[in-house]
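What the coordinates show
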Amino acid sequence: MKSNVPRAHSAEEDNGREKIDAGAHALEFGSLAKDTEELLEKFPSKTKKQLIAAIASYSGPLAHPSFVKGYEEILPGSAERILAMAEAEGLHRREQEKKVVNCEIRCKVTGLWLGFAIGMLAIAGSCAIAIFSSPLAGTTLGIGSIASLVGVFVYGSRKIEK
């Protein structure tokens, strides 16, 4: 079976191996640079095959299609398994992101309700102190409670920049 996966080899490794047209493999991933093509034209055909080492960079959730084709040739059905694996990984990642976002929303809403309850409790306590004990102490506690809540909502919502 012949693989379409590019590979580099030296003259010492050629013993008993099939000769590879490295230029064709390089073109499989994209065209060679002009200066590289011009330089290769100066060499005999036999030497060209020994000079080129294909280096490819590919980014994404799946392997390059030529590599997947190579896997499929080696093990029939592996391309479908690779695609299923990538789909399952993508689904898992999206589910995890959804859980994180929902948790952040729940935490923020819970924090707002708890802050509201604490603020109401502080204001009710200051009113009770003002009515039943000392008006000055109740007023001071009420103003302090309201000022701290306003401070948290105004300054706490801003992002701290360094």
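Residues numbered from 1 in each chain as written. Predicted model: local features only at pLDDT ≥ 70, side-chain atom pairs only at ≥ 80, totals over all residues. Heavy atoms only, no water.

Check the secondary structure of the protein and you find six helices and zero strands. Mapped from its N terminus to its C terminus, the protein presents α and β elements in the order α-α-α-α-α-α. Residues classed as buried in the protein amount to 14% of the 162 residues present. The contacts of the protein with a sequence gap of at least 6 include a subset with a gap of at least 24, amounting to 47%. Roughly 12,900 Å² of accessible area belongs to the protein as shown, and the carbon and sulfur atoms make up 64% of that amount. (Helix = DSSP H or I, 4+ residues; strand = E, 2+ residues; numbered from the N terminus. Buried < 20%, exposed > 50% of the residue type's maximum accessible area, 1.4 Å probe, protein only. Contact = heavy atoms within 4.5 Å. Areas by Shrake-Rupley, 256 points an atom, 1.4 Å probe, with all protein chains shown as cover.)

Helix α5 (residues 78-132) packs onto helix α4 (residues 65-74) with a crossing angle of 130° between their chain directions and a minimal axis gap of 7 Å. Comparing the axis directions of α4 and α5 gives the class oblique. Every residue of α5 that contacts α4 at Val-68, Tyr-71 and Glu-72 is listed here: Ser-78, Ala-79, Glu-80 and Ile-82. (Axes fitted to C-alpha atoms, helices over the stretch in contact; angles between N-to-C directions. Parallel < 35°, antiparallel > 145°, perpendicular 65-115°, else oblique.)

Now for the pattern of salt bridges. Pairs can form between side chains of opposite charge once their charged atoms are near each other. Under the defined criterion, the tally for this structure stands at one salt bridge. Across the pair Glu-97 and Arg-93 runs a salt bridge whose closest N-O atoms are separated by 3.5 Å. Here Glu-97 and its partner Arg-93 are both found in helix α5, four residues apart, which amounts to about one turn of the helix. Classification of Arg-93 as partly exposed rests on a relative accessible area of 42%. (Salt bridge = Lys/Arg side-chain N within 4 Å of Asp/Glu carboxyl O.)

Moving on: the confidence of the model for the protein. In the predicted model, the protein carries a mean pLDDT of 77, and 68% of its residues have values of at least 70. Confidence scores differ between elements of the protein, with helix α1 (residues 22-29) showing the lowest mean pLDDT of 47 and α5 the highest of 92. Between residues 1-23, whose pLDDT stays under 50, and residues either more than four places distant or in other chains, the model counts 36 contacts. Low confidence marks residues 25-29, where pLDDT is under 50. Its contacts with residues over four positions away, or in another chain, come to 13 contacts. (pLDDT = per-residue confidence, 0-100.)

With that settled, the discussion passes to the packing of aromatic side chains. Evaluation of the coordinates by the stated rule reveals one aromatic pair. Seen from their ring centres, Trp-113 and Phe-116 are 6.1 Å apart, and the 90° between their planes marks the pair as edge-to-face. On the criterion of helical spacing, the pair formed by Trp-113 and Phe-116 is a turn pair, its members being three residues apart in helix α5. You can call Phe-116 partly exposed: its relative accessible area is 47%. (Phe/Tyr/Trp six-rings, centres within 6.5 Å; stacked < 30°, edge-to-face > 60°.)

Okay, a nonpolar patch on the surface next. A cluster of nonpolar side chains, namely Val-101, Ile-105, Val-109, Trp-113, Phe-116 and Met-120, defines an oily patch on the protein surface of about 620 Å² accessible area. Taking relative accessible area as the criterion, Trp-113 reaches 59% and is therefore assigned exposed. (Patch = residues over 30% accessible without salt bridge, like charges linked within 9 Å, V, L, I, M, F, W, Y side chains within 5 Å.)

Moving on, we come to the environment of Ile-143. Along the chain, Ile-143 falls in helix α6 (residues 135-156). For Ile-143, a relative accessible area of 56% puts it in the exposed group. Through-space distance from the C-alpha of Ile-143 to that of Ile-123 is 8.7 Å; in sequence the pair is 20 residues apart.

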